[in-house]
Amino acid sequence: MTLERRKALLDLAKEYQVLVIEDTPYRQLRYVGNHIPSLYELDGGEGYVIALHTFSKILFPGLRLGWLVASREIIEKFIIAKQAMDLCTPPFTQAIAYEYCRRGLLDAHIEENVALYDKKRATMLNALEECMPKHPEIRWTKPEGGLFLWVKLPSTFDVDKLLYQALEEKVAYVVGTGFYTDGGGKDAMRLNFSYPSEEDIVEGIKRLARVIENNLKD
Ligand SMILES: Cc1ncc(COP(=O)(O)O)c(C=O)c1O
């Protein structure tokens, strides 16, 4: 979201007196471009924003640990709701994360990961440039951060069906339809570049491009 859209969203929240939940698992994973203040920062303590954070993308997902930042009043409600749901997040995993942060290890770890993912991002972008069929309707994002990029295919494609062909080639993606509530996204897919090795990224994109190319001919 651009800074202008963020400000406009906050104005709407204030006008209609609604809370905004800002889900920000990827904020610290930026490779290019400039830091944009979060909705929480822009709110300036007025209390319209609940910011959600997680260790999943910056440490490891198996920790199953996240946190939220909000006004005390809101946090008290969350505590009651959460206690009713699961009693408490395991103190053991909380202690691990606490100790890791207390020793100042997290920032260095994030920095290391950002460098690693940035390389993988470039590898995937280069592989797409090299392998994807040249077609006016095939394009992809060049993400400034996060772990994914978004590939748009010709509107005749059905990514739910295409997935089975890709899986035969041992390549998986997240279907675009998973991101829409109105049946959209049939011609889009989300690719992850953080998990596979650079070698697998190159091979995976080659195979995926082949599957797409075969479907262009049909
Ligand atoms: C946008 C977004 N929010 C939240 C999460 C949740 O992460 P977790 O439940 O592992 O903390 C994810 C994980 O993929 C995500 O993509």
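Up top you'll find the structure we're talking about.
Residues numbered from 1 in each chain as written. Predicted model: local features only at pLDDT ≥ 70, side-chain atom pairs only at ≥ 80, totals over all residues. Heavy atoms only, no water.

## Considerations on the overall build of the protein
A count of helices and strands for the protein gives seven helices and seven strands. When its helices and strands are written in sequence order, the protein yields α-β-α-β-β-α-α-α-β-β-α-β-β-α. Expressed along its principal axes, the backbone C-alpha trace of the protein runs to roughly 60 × 45 × 35 Å. Buried positions account for 36% of the 218 residues belonging to the protein. Put simply, of all contacts in the protein between residues at least 6 apart along the chain, 64% involve residues at least 24 apart. Summing over all exposed atoms, the protein offers an accessible surface of approximately 13,800 Å²; the carbon and sulfur share of this is 56%. Here the protein holds 28 positive side-chain charges and 32 negative ones, and the gap between their average locations is 2 Å. (Helix = DSSP H or I, 4+ residues; strand = E, 2+ residues; numbered from the N terminus. Buried < 20%, exposed > 50% of the residue type's maximum accessible area, 1.4 Å probe, protein only. Contact = heavy atoms within 4.5 Å. Areas by Shrake-Rupley, 256 points an atom, 1.4 Å probe, with all protein chains shown as cover. Lys, Arg positive; Asp, Glu negative; His and termini not counted. Charge placed at Lys NZ, Arg CZ, Asp CG, Glu CD.)

## Details of the side chain of Thr24
Residue placement: Thr24 occurs in the loop between β1 (20-23) and α2 (39-43). The buried category is assigned to Thr24, whose relative accessible area is 9%. When sequence neighbours within four positions are dropped, the list of residues in contact with Thr24 reads Leu52 and His53.

## Thoughts on the site of the ligand
Around the ligand lies a shell formed by Asp23, Pro25, Tyr26, Thr54, Ser56, Lys57 and Arg64. Within the side chain of Ser56, one N or O atom sits 2.5 Å away from an oxygen atom of the ligand. For the ligand, an oxygen atom lies 2.8 Å from a polar atom in the side chain of Arg64. For the shell around the ligand, the class distribution of residues is two nonpolar, two polar and three charged. (Near = heavy atom within 4 Å. Polar contact = N/O pair within 3.5 Å; in protein donor to acceptor, adjacent residues only side chain to side chain. Nonpolar A, V, L, I, M, F, W, Y, C, P; charged D, E, K, R; others polar.)

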